[in-house]
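# Descriptive structure summary
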Amino acid sequence: MIGRALTLIAALCVAGQAHADDPCADYTPQQRPQNVGRDIVGQEMDVIQDQGHMLFAVYENFPPYSWEEGGQPKGVDIEIARIIAEDLGVEARFNFVDAAENLEADLRNNIWKGALIGGRIANVMMRVPYDSAFKCRVEQVVFTGQYAGESIAIAYDKASYPEEKPVPAYFRFDTVGVENDSIADFYLSSFAGGQLNAGVRRFPTMQGAMAALETGEVMAAMGPLGQLEYGISDKGAVHQPPLAGFAISSWTLGVAVNFSYRPLSYAVDDAINFALQDGRIAEIYASYGLSFQEPER
């Protein structure tokens, strides 16, 4: 299974490297959002409040952010979605989705067009990496509600590294677990001309890489800080060393809303802003044992 959040942001890294000066340099206009009257643009808020619930698209089997346990939604993104819905005076409902081939496909399938087979259009999609270059390319979506930051880190076995914490250069000789086709995988595979390839062990998910660290199959694991912190045991620790040559080792997360429903996007952004100011989002992260990283707004 291709990594979810890492696969999404990997495409943005390429855009960021190619267009550092002008993020919209190679922008090609897409199909324009439909021009509609003011009464239609505002209708979605009325519909949501009349029906008493709203639908959030969240990634499935993606702890600590979104998953189901005993039929109940769990995770950081679930709790933040509930804050949004509560602020609008409605119930939060969830559509658990798998990641498509890239972020643009995820947004197309879940926010503005719908999948070719099955699927549902959601009012809001959670855990969307914010990037100015990508924002230029997807006119059908409003990127708003930046609620947290995420960054790459290294988890390691304390017995294997009793004195010095591992940095990427160590993986010329030591083993490190990554999620297959993730940004950490791409980075380590290209580091120092591919000299680390022999030590990289690839797993279908980040959970698998962390399980391998726990059993001693690998000496370290590299991926998003939140996933490492959630999966680490007392045998290990997590740190964030400088990562030479890493184009984007940290990014901001927000939500996506259909372009046609601007009032909804404003209401969602306000709800998230209030929850950031009064500390509720930081408290959610702490309740899952995670470090809260402030978003760049």
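Look up: the structure comes first, before these words.
Only a predicted model underlies this, so the values are computations on that prediction, with no experimental measurement involved.

## So, the overall build of the protein chain
Scanning the protein chain for helices and strands turns up 11 helices and 11 strands. Put simply, the protein chain has 297 residues, and 53% of those count as buried. Of the contacts made within the protein chain by residues no fewer than 6 positions apart, 74% connect residues no fewer than 24 positions apart. Total accessible area computed for the protein chain in this model is approximately 13,500 Å², and 48% of it derives from carbon and sulfur atoms.

## Some words on the nonpolar core
Grouped burial of nonpolar side chains is what soluble globular proteins tend to show. Among the nonpolar cores identified, the biggest contains 74 residues, and Met-54, Phe-56, Leu-107, Met-126, Tyr-147 and Met-222 are the most heavily contacted of them. Of all hydrophobic cores here, the second largest spans 12 residues; its members include Ala-153, Phe-203, Val-218 and Ala-221.

## Overview of helix H7 (residues 183-190)
Buried within H7 we find Ile-183, Ala-184, Asp-185, Tyr-187 and Leu-188. Note on H7: the residue one or two positions beyond its end, Ala-192, has a positive phi of about 50°.

## A word on the pattern of salt bridges
Under the defined criterion, the tally for this structure stands at five salt bridges. Close ionic contact of Glu-91 with Arg-93 constitutes a salt bridge, the shortest N to O distance being 3.6 Å. Note that Arg-280 is salt-bridged to Asp-278, the shortest N-O span being 2.8 Å. Classification of Arg-280 by relative accessible area gives partly exposed; the value is 29%.

## Comments concerning helix H10 (residues 262-277)
The end-to-end C-alpha distance of H10 is 23 Å, a good match for the 22 Å that 16 residues give at a rise of 1.5 Å each. One or two positions beyond H10, positive phi appears at Gly-279, with a value near 85°.

## Remarks on the packing of aromatic side chains
Counted according to the given criterion, the structure contains 10 aromatic pairs. The rings of Tyr-59, Phe-62 and Tyr-65 are connected pair by pair, giving a single aromatic cluster. The ring of Tyr-65 has Arg-127 sitting right over it, with the charged end atom 3.5 Å from the ring centre.

## What to know about the side chain of Arg-127
You can see Arg-127 is positioned in strand E5 (residues 124-130). For Arg-127, a relative accessible area of 2% translates into the label buried. At a separation of 2.7 Å, a polar atom in the side chain of Arg-127 contacts the side chain of Asp-77.

## Comments concerning empty space enclosed by the protein
In the structure shown here, the tally under the stated rule is two cavities of 30 Å³ or more. Quantified by volume, the largest cavity comes out at close to 60 Å³. Asp-157, Met-210, Leu-213, Glu-214, Gly-231, Ile-232, Ser-233, Lys-235 and Gly-236 are the residues that line the largest cavity. Counting residues per element, the lining of the largest cavity draws most heavily on helix H8 (residues 206-215), which supplies three residues. When the residues that make up the lining of the largest cavity are grouped by side-chain class, the tally is three nonpolar, three polar and three charged. A volume near 50 Å³ is recorded for the second largest cavity. If you trace the second largest cavity, you find it lined by Tyr-65, Gly-149, Glu-150, Leu-225, Gly-226, Glu-229, Tyr-285, Leu-290, Ser-291 and Gln-293. Listed by contribution, the elements that provide at least two residues to the lining of the second largest cavity are strand E6 (141-157) and helix H9 (225-231). Each residue belonging to the lining of the second largest cavity can be placed in one class, and the counts come to four nonpolar, four polar and two charged.

## With respect to the pairing of strand E9 (residues 220-224)
Within E9, five of the five residues are buried, which leaves the element mostly enclosed by the surrounding structure. Pairing between E6 and E9: five bridges, direction antiparallel. Counted as the bridge partner of Ala-155 is Ala-221 from E9. Sheet topology note: the strand E7 (residues 176-179)/E9 ladder contains two bridges and is parallel. Bridging from a neighbouring strand, Val-176 pairs with Ala-220 of E9.

What counts, and where the lines are drawn
- Residues numbered from 1 in each chain as written.
- Predicted model: local features only at pLDDT ≥ 70, side-chain atom pairs only at ≥ 80, totals over all residues.
- Heavy atoms only, no water.
- Helix = DSSP H or I, 4+ residues; strand = E, 2+ residues; numbered from the N terminus.
- Buried < 20%, exposed > 50% of the residue type's maximum accessible area, 1.4 Å probe, protein only.
- Contact = heavy atoms within 4.5 Å.
- Areas by Shrake-Rupley, 256 points an atom, 1.4 Å probe, with all protein chains shown as cover.
- Core = buried A, V, L, I, M, F, W, Y, C linked by side-chain atoms within 4.5 Å.
- Salt bridge = Lys/Arg side-chain N within 4 Å of Asp/Glu carboxyl O.
- Expected span 1.5 Å × (residues − 1).
- Phe/Tyr/Trp six-rings, centres within 6.5 Å; stacked < 30°, edge-to-face > 60°.
- Lys NZ or Arg CZ within 6 Å of the ring centre and 35° of its normal.
- Polar contact = N/O pair within 3.5 Å; in protein donor to acceptor, adjacent residues only side chain to side chain.
- 1 Å grid on protein atoms, 1.4 Å probe; cavity = no way out; pocket = protein on both sides within 12 Å on 5 of 7 lines; lining within 4 Å.
- Points joined across faces, edges and corners; volume = space filled by probe spheres on them.
- Nonpolar A, V, L, I, M, F, W, Y, C, P; charged D, E, K, R; others polar.
- Pairing = 2+ DSSP bridges.

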